[in-house]
Amino acid sequence: MGIPLNGLVCISGVSGSGKSTLVKHILYPALLKALGKSSNKTGDFDGLEGDLKRLAEVEMIDQNPIGRSSRSNPATYVSFDFIRELFAKQQLAKIRGLKAGFFSYNVPGGRCEVCKGDGEITISMQFMADVQLQCEECKGKRYTPETLEVEYNGKNISDVLKLSIDDAIEFFNGKGSMEQKIVERIKPLAELGLGYLTLGQSSSTLSGGEAQRIKLASFLTIGQKNPTPTLFIFDEPTTGLHFHDIDKLIIGFNELIKLGHSILVIEHNVDVIKCADWIIDIGPEGGNDGGHIVFEGTPEDLIKSKKSYTAKYLKEKL
Ligand SMILES: Nc1ncnc2c1ncn2[C@@H]1O[C@H](COP(=O)(O)OP(=O)(O)OP(=O)(O)O)[C@@H](O)[C@H]1O
Ligand SMILES: [Mg+2]
């Protein structure tokens, strides 16, 4: 089986044919090992050949929530640092000697200490789901009154976190070099159709598809400066996505490819399969009758295949 780099490669095949096993239990760990990133156990395989120098990283991107805690949000994922630095640069902050860290809600300083910067208090209820109440002290603003006195263009840090990504781009655009850095960082989120999220929206409230696209966006921003050729692996990334969202996801894929990255997706969705540069069809059936490569090649050639179930459905689309 060959995986062409710097393009969109799609692994297709009926349910149970062995796609996830091949990619998650053999290819991904074997590549990690070959790149010297980990030494976890891999499934059995004969060998891994090719010019591995063309790859520096391998990333598996799933729909699991981003970040470890409710404290991460779209802003932290694509870098909240510049926004904090911008506030530290304001005159009032300078007079009071408030550094960028003061505008963080993760460390003591400028945050509300009653809710520890959460803006809400969680009350554990026996036998019932926890109840979240707005923090009485800061009224959900997450910061102390002193912090909130520092304003940038009429907005304090709490106001800025409540801006949607689209509004934030408009608010910061064309104002200066620091502001431009913020805009550059959050723009990919808007391009992937997430402009409606607020900068401060807690990651625990994001849908799986939203979390996945935020991860994608983070690679588009980091990558632009310094693209380390990476193989991105997705297992059924379109699960739960609307056709409209699938288009956005494919836009994200294409942007990554333009930056010199490679993409490998396990996918049933014909709208994605037809966009692939290369298809590897696994099968022919599920379970014991699976695990074989039924077809390798372009979508145009796949539809000529007699053995592949995928071919039949792809033919209707092309
Ligand atoms: N640990 C295991 N023990 C026994 N059988 C397994 C194990 N892991 C996977 N299988 C079987 O191997 C086959 C391939 O599973 P795999 O998850 O790779 O399928 P898949 O192609 O990703 O399917 P889907 O499209 O439904 O995700 C299935 O029949 C599955 O039941
Ligand atoms: Mg699977």
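Residues numbered from 1 in each chain as written. Chains lettered and ligands numbered in written order. Predicted model: local features only at pLDDT ≥ 70, side-chain atom pairs only at ≥ 80, totals over all residues. Heavy atoms only, no water.

**Focus on the layout of surface pockets**
Here's step 1: Approximately 570 Å³ is the volume attributed to the largest pocket.
Here's step 2: Taken together, 21 residues line the largest pocket, and the ones lying closest to its centre are Met1, Ile3, Leu27, Leu48 and Glu49.
Here's step 3: No other element matches the five residues that helix α1 (residues 19-34) contributes to the lining of the largest pocket.
Here's step 4: What the second largest pocket holds in volume is close to 430 Å³.
Here's step 5: Every residue lining the second largest pocket is counted, 19 residues in all, and those nearest its centre are Asp118, Glu120, Arg142, Gly200 and Ser202.
Here's step 6: Mapped onto the lining of the second largest pocket, the elements with two or more residues apiece are β3 (120-123), β4 (131-134) and α6 (157-161).
Here's step 7: By residue class, the composition of the lining of the second largest pocket is one nonpolar, 13 polar and five charged. (1 Å grid on protein atoms, 1.4 Å probe; cavity = no way out; pocket = protein on both sides within 12 Å on 5 of 7 lines; lining within 4 Å. Points joined across faces, edges and corners; volume = space filled by probe spheres on them. Helix = DSSP H or I, 4+ residues; strand = E, 2+ residues; numbered from the N terminus. Nonpolar A, V, L, I, M, F, W, Y, C, P; charged D, E, K, R; others polar.)

**Structural notes on the domain arrangement of the chain**
Here's step 1: Each assigned domain of the chain is listed with its residue range as follows: domain 1 (8-66 + 207-317) and domain 2 (74-204).
Here's step 2: One C-alpha centre belongs to domain 1, the other to domain 2; they are set 35 Å apart.
Here's step 3: At the interface, 13 residues of domain 1 touch 14 residues of domain 2.
Here's step 4: In total, about 1400 Å² of surface goes out of reach between domain 1 and domain 2, with carbon and sulfur atoms giving 71% of it.
Here's step 5: Together, Ile66, Ile214 and Thr221 form the three largest contributors to the area buried by domain 1 at its contact with domain 2, with a combined 36%.
Here's step 6: Summed over the shared surface of domain 1 and domain 2, the result is zero salt bridges.
Here's step 7: Counting the contacts that link domain 1 with domain 2 gives two residue pairs in polar contact (both at pLDDT 80 or more).
Here's step 8: Secondary-structure elements contributing two or more residues to the side of domain 1 that touches domain 2 are α9 (208-225) and α10 (243-258).
Here's step 9: Here the side of domain 1 that touches domain 2 takes 10 residues from α9, the largest share from any one element. (Domains from an automatic or database assignment. Contact = heavy atoms within 4.5 Å. Buried area = accessible area lost by both parts, 1.4 Å probe. Salt bridge = Lys/Arg side-chain N within 4 Å of Asp/Glu carboxyl O. Polar contact = N/O pair within 3.5 Å; in protein donor to acceptor, adjacent residues only side chain to side chain.)

**Regarding the pairing of strand β7 (residues 278-283)**
Here's step 1: In terms of burial, β7 is a largely internal element, five of the six residues being buried.
Here's step 2: Sheet topology places strand β1 (residues 8-12) next to β7; four bridges connect them, and they run parallel. Bridge pairing in β7 places cysteine 10 opposite isoleucine 279.
Here's step 3: Where β7 meets strand β8 (residues 292-297), five bridges bridge the pair, whose relative direction is antiparallel. Looking at β8, one finds that glycine 283 is bridged to histidine 292. (Buried < 20%, exposed > 50% of the residue type's maximum accessible area, 1.4 Å probe, protein only. Pairing = 2+ DSSP bridges.)

**A few points about a nonpolar patch on the surface**
Here's step 1: Taken together, the side chains of Ile123, Met125, Phe127, Met128, Val131 and Leu133 present a nonpolar region at the surface, about 600 Å² in accessible area.
Here's step 2: Mapped onto the elements of the fold, methionine 125 is located in the loop between β3 and β4. (Patch = residues over 30% accessible without salt bridge, like charges linked within 9 Å, V, L, I, M, F, W, Y side chains within 5 Å. Areas by Shrake-Rupley, 256 points an atom, 1.4 Å probe, with all protein chains shown as cover.)

**Side note on the site of ligand 1**
Here's step 1: All residues adjacent to ligand 1 are Val14, Ser15, Gly16, Ser17, Gly18, Lys19, Ser20, Thr21, Glu236, His268 and Gly287.
Here's step 2: A distance of 2.7 Å is found between an oxygen atom of ligand 1 and a side-chain nitrogen or oxygen belonging to lysine 19.
Here's step 3: A distance of 3.5 Å is found between an oxygen atom of ligand 1 and a backbone nitrogen or oxygen belonging to glycine 287.
Here's step 4: The residue makeup of the shell around ligand 1, split by class, is one nonpolar, eight polar and two charged. (Near = heavy atom within 4 Å.)

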